[in-house]
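Chain and residue survey
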Amino acid sequence: MELPAGFKFCGGCGKPIADSAPPAPDPVGETRATRTPARTPIVSMTGETQAHSGTRLGADERRTVTILFADISGFTAMSEKLDPEVVQEIMDHAFERLTAVITGYGGTIDKYIGDAVMALFGAPVALGDDPERAVRAGLGMQQVMSEYAEELKRLRGFGLAMRVGVNTGKVIWGRVGGAGEKTFTVMGDAVNLASRLEHAAPLGGVLIGEATQRHVRTRFSLEALEPIQVKGKADLQRVYSVLGEVAAPARATMMGPKSPFVGRDEEMAEITAAIVAIRKGAAGVVTTIEATPGSGKSRMVLEVRHEAEEHDVKTLAARSAPFGHGSPFAPWGDMIDRAAGLAGIAPGAARHKIRAWLEETAPETGADPRWFDELTNVADTSDPEVQRRRESPAQFRQNLREAVVTWLWAYTKRRPIVFFAEDLHWWPAPSLELLANAAQVARKAPLLLIATRRPVPLAIDWPPEATDRVMSLGSLDEGALQALAHGVLGAEVPKGLVKRLVTSSGGNPFFAEELVQAFIDTGALRTSPDRSGWIWDEAKAEHANLPTTVEGVTQARIDALPVRERHVLQMAAVAGRTFWQGLIEAMGETEASDALRQLSARDLVHGRRSRLAGEIEYAFKHATIQTVAYENHLKRERVADHRRVAEWLEARAGADPEFAPTISEHYLRAEEKAKALPYLLRSAEEQVRALVPLDQASDVELAVQISEALGEDPSRAKSLRMRGRLRRINGHKGAEDDLRSALETGTRLDDSEIIASAGIELSGVYYERGELALAETTAQKTLTVARQGSHRRIETFALRVLGIVAKSRGDYDSASAKYSAALLVAESLSDQPLLGSLLTNVGNLRLAMEDFKGAADSFARALEMNVSPENGAILHSNLAAAEIELAEIPSALKNLDAAVDLATKIGKIIVVVEATIRRGTALVRAGKIEGGISHLESGIQMARERHFVEPLLEGLLSLGRVQRDRDVKAALAALTEAKDLAQNRGDVNSLRRIEAALAGLE
Ligand SMILES: Nc1ncnc2c1ncn2[C@@H]1O[C@H](COP(=O)(O)OP(=O)(O)OP(=O)(O)O)[C@@H](O)[C@H]1O
Ligand SMILES: [Mg+2]
């Protein structure tokens, strides 16, 4: 078998590969009688022997690892009695089993040395709880070994035994050997000590050093043995024999909770019932868990997730980061990120994965993947369709909603889903809005939506009708608190502690956990001498005088930390709820990795999947811990530290829009306004794109203020234009001022892009206000500037505004001329979507001109452009409207079929309703009166229910007209309803037609 140099294991089966290199000096300094050739080390690795072997380490790294040595004894005696081949077979067998245990606990085999094996935990990757894993592996190996020894005894009449030594410490980790070699190993005193521990270990035992002991003492019962002397060390080294695991709670991974889940039986039963129901295909419910910080919302989510997994129900989770202002769709992005597996990959690759994920979750929905690109911030901005969509935020959000809802529909049709929307109190408004829409799906499909929130106001009201059930999490009773403490301690809970928890924690699980930890830190709780349980010291507990709030207790815990850990925690708090080890190192704590491990062992932080490639990411276990640690950090140092965070992030993720809000936030806190500004503008852009309500578009507002304060004119103009746009959409009076001011600044700077983009917006303001003359002159000016600066797209927009203005004046010829000019430009840009939308304008103009042939031509041409499914649906339906007038009924009916098809796929209900009504009209025209009326009636009914005013008007008018000669009462009813509607809307055009139909009836 051909293997790359340095590979010691078969890539297929993971078994060690025989190596033919000559035996190297024994690394542990002792010569054995025999060795198994198959496991001769490639090179040796400890400091002692490095000099002899002449190997060099390359690409070194200092890191903390846990080293495990295991040595099989009885080997010499056996090899004297047996044939070397049999010896080899027995040893191979033993090592195969031992290796499986080591790798099972996440360890890596460093090498086999004769009858010994050396394994590493924490290199090449740290798993966060490496010492614990190593000790468990040691115990497991002894277990396996004793079983094997039994077997051998039976078969051959003699057994084997093993010693295990484990030590944790700093080592140099790097590449060994010459140019061709690629073997990684470790060197350092910690390795020597591990080897010494193994020699000193009792047969069948696991001996650990002091550093390891510190990490694992709450998890295992340990016995201190006689200290040992180690070569090169003046002091005696303390050693501990591992007796076994402390009666341990069911505890999962490093990120899993430390305490068993207690006291939420009713809530869980209710949710489990809902899971079972959707599993059977029933519709889901929307449950909002509303409870105070630390009462267990996140924990409920975790438990429900396990429950769902057990029922083979898929789960999805959308979460929000609490720090600063996030991007408008951050929670949704987070959901897709995780579901599609986008962590740390480039936008191009991410788009690819999103498509694969959509194909997998909801094939044939027709939901345009570009909407999902938008949610995850990886949209391809060179795509004209993407640009076009971003130009009309209202439409953008509407279509985005449709796409997400459609996708969710289709997905839940294939399989039941539990969707967690976590921490709504941190969700930006647009994300909440999207969620309220998604919630509708739960009423009709097997979708169980579980939202969590603190009892505080949300960015927008989570509409009461959007939730079926509000669940609160009450306080835990004494029994539950005791069970919880039992989980944390892993042994029986002293009575005094339980009493304390009941009186002090208020039944809040987070508070209770913190209190237990604080009692350990202050010595009020300590392990019994035999390490089998805990001793409660009432006097010390009294003396510790722990505060009565969660914040206070957290503070006490932080105060009790060793200086370095406390400092690392404070710097992490500056970075945010999540942070990176590399960042903390860059902030001056070069030994951060150790401290972070300790903090993680203390359950203050935990590792998480990193959003930055190659960086180890952590998160505070609870927001309270971050807040308290942040408050502790000296104010005067905060400024400098925020700057470090900003610079570090800027260097790594400056181009990633996801990080723009965070970077700007840190620069602002670092009092570096100028540096914050570009990032602020970017996150402001996101807010505008997502149409964040004006009073929440804090970044837009800040961008205006800061650019004004700095006299940064180009940024000022840009941000004013953005605010103007938002104000316009929100019907705010200040829109005009903002846009004019942006326009003036742009003119002064001679920046045609700003002039054109602000101008087009301003003409829109005037048009909407009915000031057609102003709209026209502004669009005209914009057109000139856009032409001079060759902003071709803006040129078409200006022409379109001019066309629309002319049309509303009834100047159809002029409108037609403007549209034609716009079409020419769009053609030269070969921008099909733009062409498609302009042709739609043209078609509508022709309809108004009652040039039905022309209208039909335009709509048909527009359909040939690469239009989106939603535009396609509208175009088919409009084309049918023209054809009905042309009495081309069969073709009209075909187009209506196509419209309904497309609209159903994308969930565009309004088009379905409109098409139903038009089908009614078409049938009536074809003489199929009964069928026609029944279509009209059902279309009207749907339109009423959904408040689709335009189709409703059209339907009522059409029904009124048919009924005129058949059922006067029905005709009157329909036309009167239509008249009221039209009057309410001030729709003169429709009113005129309704009056005409009513004439002679009343
Ligand atoms: N029922 C429970 N049984 C055991 N432990 C629990 C229970 N509920 C919560 N905990 C523990 O209490 C701590 C706080 O809970 P959690 O983080 O779920 O609170 P939360 O309500 O989400 O708070 P926040 O509003 O701050 O997000 C966690 O360590 C969690 O594991
Ligand atoms: Mg929580």
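Residues numbered from 1 in each chain as written. Chains lettered and ligands numbered in written order. Predicted model: local features only at pLDDT ≥ 70, side-chain atom pairs only at ≥ 80, totals over all residues. Heavy atoms only, no water.

**Observations regarding the pattern of salt bridges**
Within this structure, the stated rule accounts for 57 salt bridges. As a salt-bridge pair, Arg355 and Asp373 come within 2.8 Å of each other at their nearest N and O atoms. With Arg355 in helix H10 (residues 347–361) and Asp373 in helix H11 (residues 369–375), this residue pair connects regions lying 18 residues apart in the sequence. Residue classification places Asp373 among the buried residues on the basis of a relative accessible area of 2%. Close ionic contact of Arg846 with Asp851 constitutes a salt bridge, the shortest N to O distance being 3.5 Å. Linked by salt bridges that have partners in common, Asp368, Arg370, Asp383, Glu385 and Arg389 make up one network. (Salt bridge = Lys/Arg side-chain N within 4 Å of Asp/Glu carboxyl O. Helix = DSSP H or I, 4+ residues; strand = E, 2+ residues; numbered from the N terminus. Buried < 20%, exposed > 50% of the residue type's maximum accessible area, 1.4 Å probe, protein only.)

**A closer look at the site of ligand 1**
Taken together, 21 residues form the shell around ligand 1, and within it Gly294, Lys297, Arg454, Glu513 and Lys621 come nearest. Within the contact set of ligand 1, an oxygen atom lies 2.7 Å away from a side-chain nitrogen or oxygen of Lys621. In this structure, His622 approaches ligand 1 through a side-chain N or O atom, which is 2.9 Å from an oxygen atom. Against a free-state accessible area of 630 Å², the protein chains account for coverage of 95% of ligand 1. Counting only elements with at least two residues in the shell around ligand 1, the list comes to helix H8 (297–310) and helix H17 (509–522). (Near = heavy atom within 4 Å. Polar contact = N/O pair within 3.5 Å; in protein donor to acceptor, adjacent residues only side chain to side chain. Areas by Shrake-Rupley, 256 points an atom, 1.4 Å probe, with all protein chains shown as cover.)

**Some thoughts on the confidence of the model for the protein**
For the protein, per-residue confidence averages 84 on the pLDDT scale, and residues scoring 70 or more make up 89% of the total. Taken element by element, the predicted model of the protein shows its lowest mean pLDDT in helix H1 (residues 47–53) (31) and its highest in strand S11 (residues 417–421) (96). Every residue in residues 1–59 is under pLDDT 50, and counting partners more than four places away or in other chains gives 114 contacts. Within the model, pLDDT remains below 50 along residues 247–256, and this stretch shows 16 contacts once partners closer than five positions in the same chain are excluded. (pLDDT = per-residue confidence, 0-100. Contact = heavy atoms within 4.5 Å.)

**A word on the sheet that holds strand S17 (residues 605–608)**
Across the sheet, which stays open at both edges, the three strands sit in the order S16-S18-S17 with antiparallel pairing between neighbours. Looking at which strands have only one partner, the edges of the open sheet turn out to be strand S16 (578–580) and S17. Mean inter-strand twist for the sheet, computed between neighbouring axes without regard to direction, equals 35°. Sheet analysis places S16 next to strand S18 (residues 617–620), joined by three bridges and oriented antiparallel. Across the sheet, the residue bridging to Thr578 is Ala619, located in S18. (Pairing = 2+ DSSP bridges. Axes fitted to C-alpha atoms, helices over the stretch in contact; angles between N-to-C directions.)

**Comments concerning the packing of aromatic side chains**
Taken as a whole and assessed by the stated rule, the structure comprises 13 aromatic pairs. Measuring from centroid to centroid gives 5.5 Å for Trp332 and Phe419, while their planes differ by 45°, and the two rings are tilted. Linking Trp332 in helix H9 (residues 330–340) with Phe419 in strand S11, this pair joins segments that are 87 residues apart in sequence. Taken as a pair, Trp332 and Phe419 share a single burial class, namely buried. When the centroid spacing of 5.2 Å and the interplanar angle of 75° are considered together, the rings of Trp371 and Phe396 count as edge-to-face. Here Trp371 is found in helix H11, whereas its partner Phe396 is found in helix H13 (residues 393–414), with 25 residues between them in sequence. It is Arg389 that lies over the ring of Trp371; its NZ or CZ is 4.0 Å from the centre. Over the aromatic face of Tyr630 sits the side chain of Arg638, whose NZ or CZ is 4.3 Å from the ring centroid. (Phe/Tyr/Trp six-rings, centres within 6.5 Å; stacked < 30°, edge-to-face > 60°. Lys NZ or Arg CZ within 6 Å of the ring centre and 35° of its normal.)

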